[in-house]
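Report on the structure
Below are the chains, spelled out letter by letter.
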Amino acid sequence: MGQTPVPTTLRTVRHAKIPTKNSTAQPNGFLVPLWNVHEKLLPDDRSPQQIYLTVCAPRTGKGPHLHLKRWGYFTCIKGNIRLVVRTVHGYEVLWSGEDHGFATIEVPPGNPALIENLGETDAYVINMPSPAWRPDDVDEHPVEGWDFSG
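First things first, this report covers the structure right here in the doc. The residue count restarts for each chain, going from 1 along the sequence in the order it is written. Confidence filtering applies because this is a predicted model: local features only for residues at pLDDT of at least 70, side-chain atom pairs given and counted only at 80 or more, and all residues used for totals across whole chains, interfaces and linings. Only hydrogens and water are set aside when side-chain values are computed; all heavy atoms of the structure are taken into account.

Time to look at the nonpolar core. Counting 14 residues, the largest nonpolar core has Phe74, Ile81, Leu83, Val85, Val107 and Ile115 as the members making the most contacts within it. Helix and strand assignments follow DSSP, with helices taken as H or I runs no shorter than four residues and strands as E runs no shorter than two, numbered in order from the N terminus. Where this core is concerned, the elements lending two or more residues are β6 (72–78), β7 (80–87), β9 (104–107), β10 (113–117) and β11 (123–127). It is β7 that contributes the most residues to this core, three residues altogether. Here, two residues are considered to be in contact whenever any of their heavy atoms come within 4.5 Å of each other. Discounting residues that sit within four places of it in the chain, phenylalanine 74 has contacts with Leu83, Ser96, Ala103, Thr104, Ile105, Val107, Ile115, Val125, Ile126 and Asn127. Remark: nonpolar core denotes a set of buried residues (Ala, Val, Leu, Ile, Met, Phe, Trp, Tyr, Cys) joined through side-chain atoms within 4.5 Å. Each residue is placed in one exposure class: buried if its accessible area under a 1.4 Å probe, protein chains only, is under 20% of its type's maximum, exposed if it is over 50%, and partly exposed if it falls in between.

Structure (structure tokens):
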């Protein structure tokens, strides 16, 4: 999969894949920074209050989900996802994952979003929402009029 242009209406930050080595200088994997306060993607009042992993099975989607209070910050760390967000500009398609710079994608409250794994293996997605989910304030709302056919 090639790089996909990032729309200007939703903010994203691409992250480098940094090779790591053991004490004898042998490669032993890599790290990908997912969030750094110095990148200034997240204002202080929206720093992550929860971080969790969601796994999207091959050729499936999750959502669309609508949160009216919660910001979502999604980073695919294994595989690749297509994130479809309905904004005032229409449906915007963004990509994250191994082939897309491990982009962290910001989804403001009030914008329904759908995570899709178009690949053949599980996609591992980190979500860093703010505020955190609480059982007494679920913030899950029905999505009316979703009509994305991309």
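Right, let's talk about the sheet that holds strand β1 (residues 12–13) for a bit. Strands are labelled as partners when DSSP assigns at least two bridges between them. With antiparallel pairing, the five strands of this open sheet are ordered in space as β1-β9-β6-β11-β4. Whereas interior strands pair on both sides, the edge strands pair on one side only; in this sheet they are β1 and β4 (52–56). Inspection of the sheet shows β6 paired to β9 by four bridges, in the antiparallel sense. Counted as the bridge partner of tyrosine 73 is glutamate 106 from β9.

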